[in-house]
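A look at the structure
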Amino acid sequence: MESDVREKILETARCIFLKEGYKGTTINSIARAAGISPSTIYLHFNGKKDLFENLDISEEEALQDAYNANRTSILQTALILFGEHGYDGVSMDMLARESGYSKATLYQYFKDKEELYSAVMQETPFYFNFLSIQPEIDGYDLEAAIKKIGLAYLAVFDTPERIAFTRAIIRDSKRHPEVSSIYHKNGIGYVARCVETVKRYTGNLQEGVDTYLAAKTYVGSLFGFAIQYKIVVGVEPQYEDDEIVDTLTKIFLHGILH
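The rules behind the values
- Residues numbered from 1 in each chain as written.
- Predicted model: local features only at pLDDT ≥ 70, side-chain atom pairs only at ≥ 80, totals over all residues.
- Heavy atoms only, no water.
- Salt bridge = Lys/Arg side-chain N within 4 Å of Asp/Glu carboxyl O.
- Helix = DSSP H or I, 4+ residues; strand = E, 2+ residues; numbered from the N terminus.
- Buried < 20%, exposed > 50% of the residue type's maximum accessible area, 1.4 Å probe, protein only.
- Core = buried A, V, L, I, M, F, W, Y, C linked by side-chain atoms within 4.5 Å.
- Contact = heavy atoms within 4.5 Å.
- Polar contact = N/O pair within 3.5 Å; in protein donor to acceptor, adjacent residues only side chain to side chain.
- Phe/Tyr/Trp six-rings, centres within 6.5 Å; stacked < 30°, edge-to-face > 60°.

Looking at the pattern of salt bridges
Taken as a whole and judged by the stated rule, the model has 10 salt bridges. A salt bridge links lysine 147 to aspartate 246; its shortest N-O distance comes to 3.3 Å. Separated by 99 residues along the polypeptide, lysine 147 in helix H10 (residues 142-156) and aspartate 246 in helix H15 (residues 241-256) bring together distant segments of the chain. A salt bridge links lysine 230 to aspartate 241; its shortest N-O distance comes to 2.9 Å. Residue lysine 230 is found in helix H14 (residues 211-231), and its partner aspartate 241 is found in helix H15; the two are separated by 11 residues along the sequence. Taking the relative accessible area as the measure of exposure, lysine 230 reaches 16% and is therefore buried.

Written out as structure tokens, the structure is:
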């Protein structure tokens, strides 16, 4: 019984240390998360330092995880604010106020607003979606792999924050060409590169076909449907995502294969 309590404390403490870092973790926060009293923890450990030393993690690892958690929180707040107010409407002061971090803290993560904006784009939901499906693609044939990527891309536009952000980009692009460039590189451009790499699955490519251009045509068509059915308000979708992806995949493959 005592060993079970000790293991529960260790398991809970590990999660809290990795989430909050060493400095941000207290015996009280561990006790609350474990559903026990602080005095129970002191029955098994002399204090926070003793408890930490019984875990198989380094202080550097705990600090890094806390850093990553804070950075993710800042990016999520920035995504919402850029979507609501556009590029010009967001300042580092506003982000500090809304995120709960000091302005000085923000500059520890991002040197300026443009770098922050770029990070919001680079760390898109599709990027993480693709990382999660990439190992699976190795076991799929070419058609299934392309469909998998297409569905992951359309799923990005199912989140209200991303919809708002895309609307803001369209609105801001004339005033800020650099915004458009960042969006293209990390949006359609990135997804097209993912599609284009899948060509390694076949030796039946037509000669002289620019596979990257073909991939951008595929992704651009997907984006067009996303605009019509997910970004523009009041348009009733005629097709489901899988129907759109199935048709566009067939057109794409017909254009690059013998």
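Considerations on the nonpolar core
Ranked by size, the top nonpolar core spans 58 residues in total, and within it Phe82, Leu116, Tyr218 and Phe252 carry the most contacts. By residue number, the principal contributor to this core is H14, which donates nine residues. Beyond its immediate chain neighbours, meaning those up to four positions away, leucine 116 contacts Ile74, Leu75, Ala78, Phe82, Met92, Leu95 and Phe110.

Considering helix H8 (residues 113-122)
The element H8 is extensively covered by neighbouring structure, given that seven of its 10 residues are classed as buried. For H8, the complete set of buried residues consists of Lys113, Leu116, Tyr117, Ser118, Ala119, Val120 and Met121. Sitting at the head of H8, aspartate 112 places a side-chain oxygen 3.3 Å from the backbone nitrogen of glutamate 114.

Quick look at the packing of aromatic side chains
Counting across every chain of the model gives nine aromatic pairs. On the basis of an interplanar angle of 55 degrees and a centroid distance of 6.0 Å, the ring pair of phenylalanine 157 and phenylalanine 223 is categorised as tilted. Pair noted here: phenylalanine 157 is in the loop between H10 and helix H11 (160-172) and phenylalanine 223 is in helix H14, with a separation of 66 residues, a long-range link. Here phenylalanine 157 matches phenylalanine 223 in class, with each residue buried. Between phenylalanine 225 and tyrosine 229, the aromatic rings sit 5.9 Å apart at their centres with planes inclined by 45 degrees, giving tilted as the arrangement. Pair noted here: phenylalanine 225 and tyrosine 229 are both in helix H14, with a separation of four residues, about one helical turn. Note on phenylalanine 225: relative accessible area 23%, which makes it partly exposed. Taking relative accessible area as the criterion, tyrosine 229 reaches 12% and is therefore assigned buried. Cluster of aromatic residues (ring-pair linked, three or more members): Phe82, Tyr87, Tyr117 and Phe165.

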